[in-house]
Structures are given as C-alpha cells and as structure tokens.
Amino acid sequence: MLFAPQFDEGWSPLKALVTGAAGLVGYYACENFSELGFKVQAVDNFMRRKLFGPMGDTRSNARALWNKHHVRVKEVDVRSRDLRKLAKSSDVIIHAASQPSHPRSIEIPELDESINIDGTLNVLEGARHSSKDAVVIFCSTNKVYGENVNKLPVVELEKRYDYAEGVLGVDENMSVDQTLHTPFGVSKLAADLYCQEYARLYRVKTGIFRLSCITGPCAKAVEVQNWEPYFVWKNLRAETLNVFGYGGKQVRDIMDARDLVKAFDEFLASPRAGEVYNMGGGRENSISLLESFDVIESITGRKMLYELRPKREGDHMIYISNLGKFKDHYPTWSIKYNINRIFTDIYEEIRSSRTS
C-alpha cells in the first residue's frame, strides 16, 4: 500500500517534515513526498560544509529541490525551538539530519552528541506534543552495533571477505553492548533508544531504520562519509585513493536512497511503533572495495589508483544487512537499484556536474 494523501472533497495536504533535507536521504525524501502531494516542510542548517569542507556543501541540493519540485529548504537547526514547533505541526517526520561520520566524530565528540542526541530529542518532543498523531522515521546506523559486527565468523576470498557458511547477515538481534562504537555510534545508539522509548512510553509512532551504506547521485561525498561517490570522483580525477584497512577486501551492502524512501513509504502506510529495522543493500547489493574498483573502471574506462592505509577505529570488516525482518513485515517492497545502476547513476551525475 502506498502512503499518500487521499484526495477527497475538502481534502488538505498532509504535512511532511524532513530534517537534513538538503542531504542525501533528505533530498530524496523531499522529492518523494512532493511527488505524492504532501506539503513538504524541508529544513537544514547546511552544517556539512563546516564539518567536511566545500565538497560536503549541500546547498546545490537545496537549489535543485526548489527548481525541480518547488520545495524550499528553510535554514533551521534541529536543536532549535523552531524545529520543535515544526515537528509539532507535522503528520509525518523523516529525521535524517545528523553528524554522519564516525571518523569525524572522534575529533568532535561534543558537537556530535549535540546534533545526534539533542536534535533527535527535539524532534521526538515535538511529535509527542502534537495533536496529529505523527509518524516519525529515524535514520539510525549500523554503527550502533560497534565492533561486535567483526566477531562474526568470516572467510577470506580473492577479492573480498565474506561471512562463513550459515551467516546470512547482521540482524536486529546483534548486541550493541561491550564494544567500541566511536562517538558517532554512541550518539546514534542513544538517539535510536530514545526513539524506541518514545514509542513504548509516550505512544509516538516511531520507526528506527539502522542504515548501512546509503548512497545515490546527489550525495555530497567526502573521504570520511559516503564512499561510493567519493571513489568515482577520485577515479575521474586520476587521483590516488586512500583505502583504510583490510587490504580493500572489506565488504559493504549498498543501497540507493531512492529505494530507501520507498521503504519509508511502506512503514508510513502501516507503522509498527518502536520497531527497529536493519536497512541496506543486503546480500544482492554487497560489494568489497576491490570489487567496486572493477565496477568503477568498467563504467569510466579509467584505472583506479589507490594506496593501502592502516585500519580506522570502528571500521567493519564485513557488514551485510539481513533484510528478513523488514521484508517479512512489508513484503511488497524490494530493491530496484542494483550495484551497476547505482555506480552508473553516480558517474553520470558527477560527469554532468563537472561539465555544467
């Protein structure tokens, strides 16, 4: 079932609030809600430029939302009282704003905490005091599991590590305790738990999506966040890429953000308050860094240049989401964008932006 307004007599559009609206997930959430006929309240404080430099600046996404969909992104910080007022007046909230980098969080733990925890509480308090019975989707992360992920049995193959026989992927029952997370993993876990608590204690209809590697054409990638577009960008510039740890054999499951927002639609149509879902590309969209070089080279026709570097704190050897729980709850949803399509769309976007 599609979550969309009903165009009956006397109909007025439902309000969808999207935080981090100029970011990757926020952009596609705004686009999706606009196409479905919602009144979209898009907010962003454009802090990515401060966090990651000019490459991370998302203002071009805000301009694109206005030009393509007439969605205006207002400059609002998720920690402000203005944000709480917007949340209070919304029917649907996609909370995608965050400090999103686990390496960066090691350098800025207090700022990371204020954005990821205080900002989320602001959203939840607005929803709790709303008369609209709002549905809240929180973009959590696989980093809540910390390095427990690395305790799963693995085998080493020519170009990748993989789980040993019988391990299907990481499900929602993995422990979040007794492990190194980095401050990012800790702050997102705290926010994740607050979302679960607000469902159980205050009956707020929250859905928690623990995201793996979400990517897409509009990502403003940097070295420490959103690796797929960053790899393509380095390849097109014929620059040497730093590969941190595991000899490039580390594996991730990647998902296009456009598939993710359709998963949001499924939840919003039939919310299960307080549920947690691991969300990524799953087995079918899993790829090692070395394997991604082959895909990128086949698309661009350029050789990938790289150097191996030491492992970073908190990095996973393998992370593949077990999507079984979400698919069981929402069986009509499926992944539409495969790995080759994802990298091709990223390449086309970067190439067009370089020539425009």
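Here is what the cut-offs are and how they apply
- Residues numbered from 1 in each chain as written.
- Predicted model: local features only at pLDDT ≥ 70, side-chain atom pairs only at ≥ 80, totals over all residues.
- Heavy atoms only, no water.
- Helix = DSSP H or I, 4+ residues; strand = E, 2+ residues; numbered from the N terminus.
- Buried < 20%, exposed > 50% of the residue type's maximum accessible area, 1.4 Å probe, protein only.
- Contact = heavy atoms within 4.5 Å.
- Areas by Shrake-Rupley, 256 points an atom, 1.4 Å probe, with all protein chains shown as cover.
- Lys, Arg positive; Asp, Glu negative; His and termini not counted.
- Charge placed at Lys NZ, Arg CZ, Asp CG, Glu CD.
- Polar contact = N/O pair within 3.5 Å; in protein donor to acceptor, adjacent residues only side chain to side chain.
- Pairing = 2+ DSSP bridges.
- Axes fitted to C-alpha atoms, helices over the stretch in contact; angles between N-to-C directions.
- Parallel < 35°, antiparallel > 145°, perpendicular 65-115°, else oblique.
- Left-handed = near helix turned anticlockwise from the far one by under 90°.
- Nonpolar A, V, L, I, M, F, W, Y, C, P; charged D, E, K, R; others polar.
- Phe/Tyr/Trp six-rings, centres within 6.5 Å; stacked < 30°, edge-to-face > 60°.
- Arc of directions from axis to C-beta.

Asks: For this particular structure, what's the right way to read the overall build of the chain?
Replies: In terms of helices and strands, the chain carries 12 helices and 15 strands. Each principal axis of the C-alpha distribution contributes one length, and for the chain these read about 60 × 50 × 40 Å. Counting over 356 residues, the chain shows a buried share of 60%. Of all intrachain contacts in the chain linking residues separated by at least 6 positions in sequence, the fraction that spans at least 24 positions is 84%. About 15,200 Å² of surface is accessible on the chain, with carbon and sulfur atoms providing 48% of the total. Both charge centroids of the chain, one from 47 positive and one from 47 negative side chains, sit 4 Å from each other.

Asks: I tried to follow the environment of P217 on my own but got confused; where do I start?
Replies: Relative to the elements of secondary structure, P217 occurs in the loop between β9 (213-215) and α8 (227-236). Overall, P217 belongs to the buried group, its relative accessible area being 15%. Each C-alpha atom of the pair P217 and W333 lies 21 Å from the other, and the pair is 116 residues apart in sequence.

Asks: Looking at this model, I keep getting lost on the side chain of T120. Mind explaining?
Replies: Turning to its location among the elements, T120 is positioned in helix α6 (residues 109-128). Here N116 takes part through its backbone oxygen, which lies 2.7 Å from a polar atom of the side chain of T120. Here T120 is in contact with H95, I115, F138, A191 and C195, once residues within four sequence places are set aside.

Asks: Would you explain the sheet that holds strand β3 (residues 73-75) in this entry?
Replies: Strand pairing in a sheet is mediated by backbone hydrogen bonds. Such pairs are either parallel or antiparallel. Ordered in space as β3-β2-β1-β4-β5-β8-β12, the 7 strands form an open sheet in which the pairing is parallel. Of all the strands in the sheet, just β3 and β12 (275-279) have a single pairing partner and so form its edges. Sheet twist, expressed as the mean angle between neighbouring strand axes with direction ignored, is 20°. In this sheet, strand β8 (residues 205-211) lies alongside strand β5 (residues 135-141) in parallel orientation, the contact comprising 7 bridges. Across the sheet, the residue bridging to I137 is G207, located in β8. Here helix α7 (residues 182-202) sits on the sheet and contacts β5, β8 and β12; the angle it forms with β5, its principal contact strand, is near 155°.

Asks: What am I meant to see in the packing of helix α1 (residues 24-36) against helix α3 (residues 59-69) here?
Replies: To characterise two packed helices, one gives the angle between the axes of the helices and the distance between these axes. As a packed pair, α1 and α3 sit with axes 11 Å apart at the nearest point and diverge in direction by 10°. Put simply, α1 runs roughly parallel to α3. Considering the relative orientation of α1 and α3, their crossing is right-handed. Taking contact as the criterion, the partners of Y27, C30, E31, S34 and E35 in α1 are, on α3, N61, A64, L65, K68 and H69. A breakdown of the residues in the contact of α1 with α3 according to their chemical character gives 4 nonpolar, 3 polar and 3 charged.

Asks: Quick question: what am I supposed to make of the packing of aromatic side chains here?
Replies: Within a pair of aromatic rings, the relevant descriptors are the distance that separates the centres and the angle that separates the planes. Under the definition given, this model contains 18 aromatic pairs. Considering the side-chain rings of F209 and F267, the 5.9 Å spacing of their centres and the 85° angle between planes classify their relative orientation as edge-to-face. Taken as a pair, F209 in strand β8 and F267 in helix α9 (residues 257-269) lie far apart in primary sequence, 58 residues in all. Note on F209: relative accessible area 0%, which makes it buried.

Asks: Which parts of the structure should I look at to understand helix α4 (residues 81-88)?
Replies: Count 3.6 residues to each turn of an α-helix, and residues three or four apart come out pointing the same way. Restricting attention to buried positions, one finds in α4 the residues L83, L86 and A87. Axial view of α4: buried residues confined to an arc of 100°, hence all on one face. Those residues of α4 that are exposed and aimed more than 90 degrees away from the buried face are R81 and K85. Considering only its buried residues, α4 is in contact with β1 (15-19), β2 (39-44), β4 (92-95) and α6.

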